Amino acid sequence: MAMESLKTIIIDNYDSYTFNLLQLWDTKDLHNVVVIRNDQFEWEYFQEHVLPYFDNIIISPGPGRPENPKDLGLVGPLLEFQRRELAHDRVALPMFGICLGFQAIGWTFGAKVSHAARVVHGRLSLINILEDARTRNGDSPYGDILDDIPTNIWATRYHSLVVDPKSLPECLQVTATCWEDDADILALRNTPPRLDKALSDSNENSLRNDSVHMKPPTNHQYTEGCEASLPYTTLMAFRHKVHPIYGVQFHPESICTEYGRKMIDNFHNITEQWKRNVQYQSFAHQLPEHISQLSVVSLTGLNPSSSLPPPPQDFNTNYALVAEKIWNGSDGSLDTQSLFKMLQQQPGASQSIAFLDSARQSSPYCHYSFLSVNNAFTMTYSTLHHETRISSPDNNSKSRSTSIYTLPPQQKILSYVSSFLQHFTHVPVQGIKSLPRNLNFRGGFIGYIGYEMKRETLEGYITPIKQRCACTEHETETISPSSLGCCQCTLEPDLALHFVDKFLAINVKEGSIYAICIVNQDQQRQNLLDDRADVLVGHTLEHAQGWLQSLKRNMYSISKAKISKSLSPPKILCKKDAWHHNEMATAEEALETSNRFSPSQIFTPDVDRSQYIPAIEEAIRLIGEGETYEVCLTTHFRRNFGVLSPTSLIELYFSHLRRRNPSPFSAFLSFPATGLTVLSSSPERFMRVNAQGIVEMKPIKGTTARVRDCCCSEHVAGERECKRLRQQRDKARAQDLWSDVKERGENLMIVDLVRNDLAHVCIPNTVTVPKLMHVESYETVHQLVSTVRGKQRSDADPIQTLAGCFPPGSMTGAPKLRTVEILDELEGHINRGVYSGCVGYFSIGTADNERGQCTSDFSVVIRTAVVNARKEVSIGAGGAITFLSKPDAEWNEVVLKTESVVPSPSVRSFIASNRSKSAPSSPLL
Ligand SMILES: C=C(O[C@@H]1C=C(C(=O)O)C=C[C@H]1O)C(=O)O
Ligand SMILES: NC(=O)CC[C@H](N)C(=O)O
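About the cut-offs
- Residues numbered from 1 in each chain as written.
- Chains lettered and ligands numbered in written order.
- Predicted model: local features only at pLDDT ≥ 70, side-chain atom pairs only at ≥ 80, totals over all residues.
- Heavy atoms only, no water.
- Helix = DSSP H or I, 4+ residues; strand = E, 2+ residues; numbered from the N terminus.
- Buried < 20%, exposed > 50% of the residue type's maximum accessible area, 1.4 Å probe, protein only.
- Areas by Shrake-Rupley, 256 points an atom, 1.4 Å probe, with all protein chains shown as cover.
- Pairing = 2+ DSSP bridges.
- Near = heavy atom within 4 Å.
- Polar contact = N/O pair within 3.5 Å; in protein donor to acceptor, adjacent residues only side chain to side chain.
- Nonpolar A, V, L, I, M, F, W, Y, C, P; charged D, E, K, R; others polar.
- Axes fitted to C-alpha atoms, helices over the stretch in contact; angles between N-to-C directions.
- Contact = heavy atoms within 4.5 Å.
- Phe/Tyr/Trp six-rings, centres within 6.5 Å; stacked < 30°, edge-to-face > 60°.
- Lys NZ or Arg CZ within 6 Å of the ring centre and 35° of its normal.
- Arc of directions from axis to C-beta.
- Parallel < 35°, antiparallel > 145°, perpendicular 65-115°, else oblique.
- Left-handed = near helix turned anticlockwise from the far one by under 90°.
- Core = buried A, V, L, I, M, F, W, Y, C linked by side-chain atoms within 4.5 Å.
- Domains from an automatic or database assignment.

1. Overview of the overall build of the chain
Counting secondary structure elements, the chain contains 23 helices and 37 strands. Looking at the chain as a whole, 61% of its 925 residues qualify as buried. When the accessible surface of the chain is split by element, carbon and sulfur atoms take 49% of a total near 35,900 Å².

Now the structure itself:
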């Protein structure tokens with residue numbers, strides 16, 4: 001780009017894709033770009049104090065429609081102003097409108113915006129660039145946005161509305177259209193699928209985009225059952241015949257659109273030419289600081305070469321880490337459950353448990369499990385009361401005391417967590433030269449951030465009145481066991497984090513075990529909430545050494561008793577074979593299958609099928625109106641179990657959930673101060689920040705069951721043939737998932753959303769998609785998974801990085817803000833709680849990695865049971881609704897997902913036998 005001082009303002013219509021545009025700039029040019037929200041200023045102020053500093057304008061996509069003044073904010077009067085200026089032969093800045101921006105330009109100049117004959121979200125079309133677009137003569141001295149781009153390109157579309165070509169005013173000229181055909185389906189049929197057998201991520205730092213080259217089909221065809229029954233085209237781009245004003249209906253910033261960058265380059269070149277022609281001078285040669293600072297995301301001071309490690313810093317002198325390998329995997333693997341029990345018998349052990357369990361040993365995401373049963377302190381938080389509770393062990397270490405602090409207005413709890421963790425960087429490691437590179441947690445926070453934390457992280461979100469806490473006792477409440485759970489805020493806090501300073505790290509591949517302890521020799525306390533609270537983290541060296549010694553002694557005693565049967569999921573055996581051998585695991589499976597039950601029989605859903613289906617239909621209607629593109633609708637299934645002791649929950653986790661659904665991000669967390677326990681078997685990574693500052697997100701969208709049924713009844717010749725047939729069908733199913741445009745659409749929408757989130761917290765043009773929609777196969781399901789990465793900004797830490805992307809886009813849909821507001825209504829303002837949030841860690845930064853900075857890894861809370869102080873077990877489940885959704889199938893998906901967590905018949909009897917005599921009896925257990 002040869003435009004040294006060209007200054008661009010991007011106006012964001014609260015679309016979740018706007019920030020992807022920044023990825024189309026070179027980092028060194030971004031200081032000339034400012035992104036503002038469409039409601040950030042009154043128009044008059046903007047016109048006088050902001051606009052004159054710029055050379056051109058980009059108007060973003062967005063939910064809603066141009067006729068609605070709220071959807072456009074200041075874009076409405078801006079466009080009207082531009083139109084009037086041109087009508088009076090005055091100078092108006094070059095403009096480029098995208099999707100809603102395109103529709104808004106068309107509407108301002110007199111075109112009609114109507115419902116599309118075919119609603120398209122997250123699908124690719126072949127755009128046909130009309131030859132006229134290339135001719136520079138006519139009345140306009142300027143080139144076109146689509147210059148020097150092949151005649152047919154793939155582009156992503158997210159729209160329900162269209163500019164009616166018949167209504168296009170004389171001054172606008174069509175430059176591109178597309179056929180409403182099924183070119184994407186046909187092209188996918190001729191493209192080899194991405195089936196990740198090995199599931200390996202060879203280079204976790206790679207920032208290269210995946211490329212799937214789809215060959216365009218030769219003519220326009222329609223697949224059977226497709227709603228496009230007639231060949232017709234849709235308007236995809238126009239330009240002003242005289243002035244440098246352009247618009248495209250598709251999304252140049254989507255990962256799947258070709259030549260997006262070229263379009264932005266063209267716009268810059270056009271603007272330069274225009275500036276020369278009209279001799280335009282903006283207010284200043286460079287953007288002054290007070291204007292740059294208006295940007296929603298600061299785009300100044302981004303260092304394009306910040307892959308270099310920061311200058312070495314002094315060791316942390318307050319804290320150190322003592323670590324020792326206390327078990328060598330070659331001696332055999334220890335059974336995790338026995339290890340758990342052993343830790344609990346150690347002095348000082350409590351029911352305050354943090355266990356991040358890489359339960360799916362074969363997964364490439366599984367390196368270490370982290371286990372702690374005595375934490376330095378635990379903090380919980382309520383967004384509605386702005387209230388933090390901090391509980392730490394009392395002197396006798398068995399009991400805990402809790403203090404309550406109210407945060408000042410406007411303060412955010414995650415900012416405190418972030419500044420607290422800053423005391424824990426460059427911590428020197430002792431007792432061992434260095435810890436393995438992939439042992440990423442070195443002490444720090446382990447816990448969850450619940451979905452309602454969106455009230456403090458999602459910009460522009462205002463908590464609806466209906467969600468305010470109705471509890472009157474709360475303010476005067478004193479902490480006592482009886483007052484626990486007086487309201488939802490204490491029953492299921494919006495955030496709960498243990499600070500872990502003494503734990504085991506278990507290498508799940510080798511079976512080796514490290515014991516790690518933070519040392520704080522002077523027992524200095526650390527400030528947590530400015531000067532409101534201080535906490536004690538870390539132990540004396542003598543304590544740490546004593547702990548290590550006693551662990552080592554105990555390791556050998558349990559090793560004699562228990563050498564692990566490694567966690568392998570039930571094998572598939574032919575039925576004949578299973579019955580013949582009376583194979584236990586298979587028999588149990590068969591029992592479960594024959595006893596197929598619906599979770600709604602034992603758990604009560606917040607909304608049942610008859611209420612859920614209308615909510616799906618409403619979501620589909622809103623998509624058709626252009627209000628949203630994808631809605632991740634969810635509900636909860638609940639059941640009160642009367643009594644569930646802490647021990648029985650641990651038992652339940654190991655014997656049921658971990659066994660039935662071993663997943664890479666399994667977790668068992670218990671928070672005795674609130675009586676809350678989380679049992680998770682999540683397969684989905686939300687966000688990880690590694691020691692090199694690479695941020696990774698791995699959204700899952702698109703799930704299909706694996707073919708696991710025995711085919712013997714189909715008279716196949718023997719077990720071998722049965723297996724071959726099953727594998728063949730299973731592969732075909734994976735292939736179908738890969739090429740299913742509905743599933744791909746869901747995935748692409750979230751990939752583009754997640755890229756947008758990352759563009760806020762990473763150097764924008766480092767945001768890449770190293771894996772785009774690969775099929776990953778687990779025991780029971782194939783899933784369509786994408787990997788999105790970026791390099792964290794040097795001024796951000798993992799907490800700010802996570803907050804900038806929270807709540808997880810795969811649990812909201814897109815565009816995030818509007819869709820979250822829609823979901824609040826559709827889900828009746830019922831809290832999602834822990835479900836839909838994230839579980840994981842923020843680790844301290846140790847000096848043995850080159851940056852010495854904090855790291856993190858969080859999963860999305862799905863396939864998870866949450867047990868509260870009232871012994872109510874809740875399981876959230878849902879799925880992404882798109883315009884192509886079939887309500888019945890979506891409900892079945894919810895039930896299927898719940899069934900992966902809900903106790904199986906055998907576990908039901910387990911709970912029954914563990915229930916105390918006084919507990920209310922249940923007819924089903
Ligand atoms: C909403 C859930 O899962 C989310 C929705 C998915 C989908 O729609 O395919 C897949 C994984 C999650 O991102 C859930 O499991 O409850
Ligand atoms: N992506 C967009 O900007 C969508 C614009 C408009 N809301 C539509 O659905 O057509």
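2. Structural notes on unusual backbone geometry
Residues Phe806 and Pro807 are joined by a peptide bond in cis, for which omega reads 0°. Inspection of the secondary structure puts Pro807 in the loop between α20 (798-803) and β33 (813-814). The backbone of Gln523 sits at a positive phi, close to 55°, despite the residue not being glycine. Along the chain, Gln523 turns up in the loop between β21 (513-519) and β22 (525-527). In this model, Ser836 sits at a positive phi of 80°, which is unusual for a non-glycine residue. Topologically, Ser836 is positioned in the loop between α21 (816-826) and β34 (838-843). A relative accessible area of 0% means that Ser836 is categorised as buried.

3. As for the pairing of strand β31 (residues 768-777)
Looking along a regular strand, one sees the side chains alternate between the two faces of the sheet. Counting buried residues in β31 gives nine out of 10 residues, a clear majority hidden from the surface. As defined by bridge partners, strand β8 (residues 195-196) adjoins β31 across two bridges and the pair is classed as parallel. Note that in β31 the partner of Leu195 across the bridge is Val775. Pairing analysis gives six bridges linking β31 to strand β32 (residues 781-791), with the strands arranged antiparallel.

4. Some points on the site of ligand 1
Around ligand 1 lies a shell of 18 residues, among which Glu684, Lys701, Tyr835, Arg863 and Gly878 are the nearest. At a separation of 2.7 Å, an oxygen atom of ligand 1 approaches a polar side-chain atom of Glu684. Between ligand 1 and Gly702 there is a distance of 3.3 Å, counted from an oxygen atom to a backbone nitrogen or oxygen. Looking at the shell around ligand 1, the elements that each hand over two or more residues are β30 (700-705), β37 (872-881) and α22 (887-899). Each residue belonging to the shell around ligand 1 can be placed in one class, and the counts come to seven nonpolar, five polar and six charged.

5. Quick look at the sheet that holds strand β7 (residues 172-179)
Reading across the sheet, the nine strands line up as β2-β1-β3-β4-β10-β9-β7-β5-β6 and stay open at both edges, with mixed pairing between neighbours. The open sheet has two edge strands, β2 (33-37) and β6 (152-163), and neither has a second partner. Strand after strand, the sheet turns through a mean of 25° between neighbouring axes, direction not considered. In terms of strand pairing, strand β1 (residues 8-12) meets strand β3 (residues 56-59) through four bridges, oriented parallel. Looking at β3, one finds that Ile10 is bridged to Ile58. Across the face of the sheet, helix α4 (residues 100-108) comes into contact with β3, β4 (95-98), β5 (113-129), β6, β7, β9 (233-240) and β10 (245-248) while running at roughly 120° to β4.

6. Some remarks on the packing of aromatic side chains
Tallied over the full model, the rule gives 41 aromatic pairs. Seen from their ring centres, Phe445 and Phe499 are 5.0 Å apart, and the 80° between their planes marks the pair as edge-to-face. You can see Phe445 sitting in strand β18 (residues 444-449) and its partner Phe499 sitting in strand β19 (residues 495-500), a full 54 residues away along the chain. Residues Phe445 and Phe499 agree in their burial class; the two are buried. Each member of the aromatic cluster is reached from another via a ring pair, and the members are Tyr319, Phe377, Phe420, Phe424, Phe445 and Phe499. Sitting over the face of the ring of Phe641, Arg639 holds its NZ or CZ atom 5.6 Å from the ring centroid. Between the NZ or CZ atom of Arg744 and the centre of the ring of Trp738, over which it lies, the distance is 4.5 Å.

7. Section: helix α1 (residues 43-50)
Among all positions in α1, only Trp43, Phe46 and Val50 are buried. Down the axis of α1, the buried side of the element spans an arc of 85°, and every buried residue falls inside it. Exposed residues pointing more than 90 degrees away from the buried face of α1 are listed as Glu44 and Glu48. Those residues of α1 that are buried lie in contact with β1, β2, α3 (75-87) and α7 (289-292).

8. Quick look at the packing of α3 against α4
The angle between the axes and the distance between the axes are what describe a pair of packed helices. At their nearest, the axes of α3 and α4 sit 10 Å apart, and the two run at 45° to each other. Our classification of the angle between α3 and α4 gives oblique. Crossing of α3 against α4: the hand is right-handed. Of the residues in α4, those touching α3 at Leu79, Glu80 and Arg83 are Ala104, Ile105 and Thr108.

9. What about the nonpolar core?
With 109 residues, the main nonpolar core has Phe377 and Phe499 as its most contacted residues. In terms of residues, this core owes the most to one element, helix α19 (residues 741-761), which gives nine residues. Composition of this core by domain shows at least three residues from each of domain 1 (8-176 + 234-292) and domain 2 (320-561). Ignoring sequence-local partners within four residues, the contact set of Phe377 consists of Ile390, Ser391, Ser392, Arg400, Phe420, Phe445, Leu497, His498, Phe499, Leu528, Val535 and Val537.

10. Details of the domain arrangement of the chain
How large an interface is tends to be reported as the accessible area lost when its parts come together. Domain annotation of the chain identifies domain 1 (8-176 + 234-292) and domain 2 (320-561). Once you take the C-alpha centre of each, domain 1 and domain 2 turn out to be 49 Å apart.

11. Re the site of ligand 2
Neighbouring residues of ligand 2: 14 residues in total, closest Gly62, Gly64, Cys99, Tyr158 and Leu161. Within the backbone of Gly62, an N or O atom sits 2.8 Å from an oxygen atom of ligand 2. Within the backbone of Tyr158, a nitrogen or oxygen atom sits 2.9 Å from a nitrogen atom of ligand 2. When ligand 2 sits alone it has 300 Å² of accessible area, and the protein chains cover 100% of it. Those elements that place two or more of their residues in the shell around ligand 2 are α4 and β6. Top contributing element to the shell around ligand 2 by residue count: β6, with four residues. For the shell around ligand 2, the residue count by class is seven nonpolar, seven polar and no charged.

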